[in-house]
Amino acid sequence: MKINISRFPQVEFGYKNITLNEPLDNKVSDGECTEIFAPDILNQVPAHQTYAFLKKCVEKMRHGSKLIIGGTDLSILC
């Protein structure tokens with residue numbers, strides 16, 4: 001299963017679309033994901049919760065799967 005995680009409802013075809021407000025445990029089983037796509041997630045998750053969020057994502061992934069995350073580079077904004 002491929003999932004797309006975003007702050008607001010966003011449709012990415014070929015992915016199961018999940019928002020940050022939905023608990024990941026209710027939508028995806030451990031070891032089920034072949035790809036997690038979250039291109040702007042680091043802008044949305046508070047810094048003190050980033051580790052816990054990434055740990056939860058890794059629990060949901062299969063061996064050999066892909067985790068695609070991103071956010072705005074603060075050096076660009078400075």
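Just so it is clear, the structure is predicted and the values come from calculations on it, not from any experiment. (Residues numbered from 1 in each chain as written. Predicted model: local features only at pLDDT ≥ 70, side-chain atom pairs only at ≥ 80, totals over all residues. Heavy atoms only, no water.)

**Q** Just to check I follow, could you spell out the overall build of the chain for this structure?
**A** If you tally the helices and strands in the chain, you get four helices and four strands. When its helices and strands are written in sequence order, the chain yields β-β-α-β-α-α-β-α. Computed over its C-alpha atoms, the radius of gyration of the chain comes to 12 Å, within 12% of the 12 Å expected for a compact globule of 78 residues. Referenced to the eigenvectors of the C-alpha coordinate spread, the extents of the chain come out at roughly 40 × 25 × 25 Å. Across the chain, contacts joining residues at least 24 apart in sequence account for 64% of those joining residues at least 6 apart. (Helix = DSSP H or I, 4+ residues; strand = E, 2+ residues; numbered from the N terminus. Rg over C-alpha atoms; globule rule 2.2 N^0.38 Å. Contact = heavy atoms within 4.5 Å.)

**Q** Is there a simple way to think about the sheet that holds strand E2 (residues 16–19) in this case?
**A** Two pairing modes exist for strands in a sheet, parallel and antiparallel, and in both the strands are linked by backbone hydrogen bonds. Taken together, the four strands give an open sheet; going across it, the order is E2-E1-E3-E4, and neighbouring strands pair in parallel fashion. A single partner strand is all that each edge strand has here, and the edge strands are E2 and strand E4 (61–69). Strand after strand, the sheet turns through a mean of 20° between neighbouring axes, direction not considered. With three bridges joining them, strand E1 (residues 2–6) and strand E3 (residues 33–38) adopt parallel strand pairing. Residue pairing for E3: Lys-2 is matched across the bridge by Glu-35. Those strands touched by helix H3 (residues 50–60) are E1, E3 and E4, and its axis lies near 140° from that of E4. (Pairing = 2+ DSSP bridges. Axes fitted to C-alpha atoms, helices over the stretch in contact; angles between N-to-C directions.)

**Q** Would you explain the side chain of Thr-50 in this entry?
**A** As for its position among the elements, Thr-50 is in helix H3. Discounting residues that sit within four places of it in the chain, Thr-50 has contacts with Leu-42 and Val-45.

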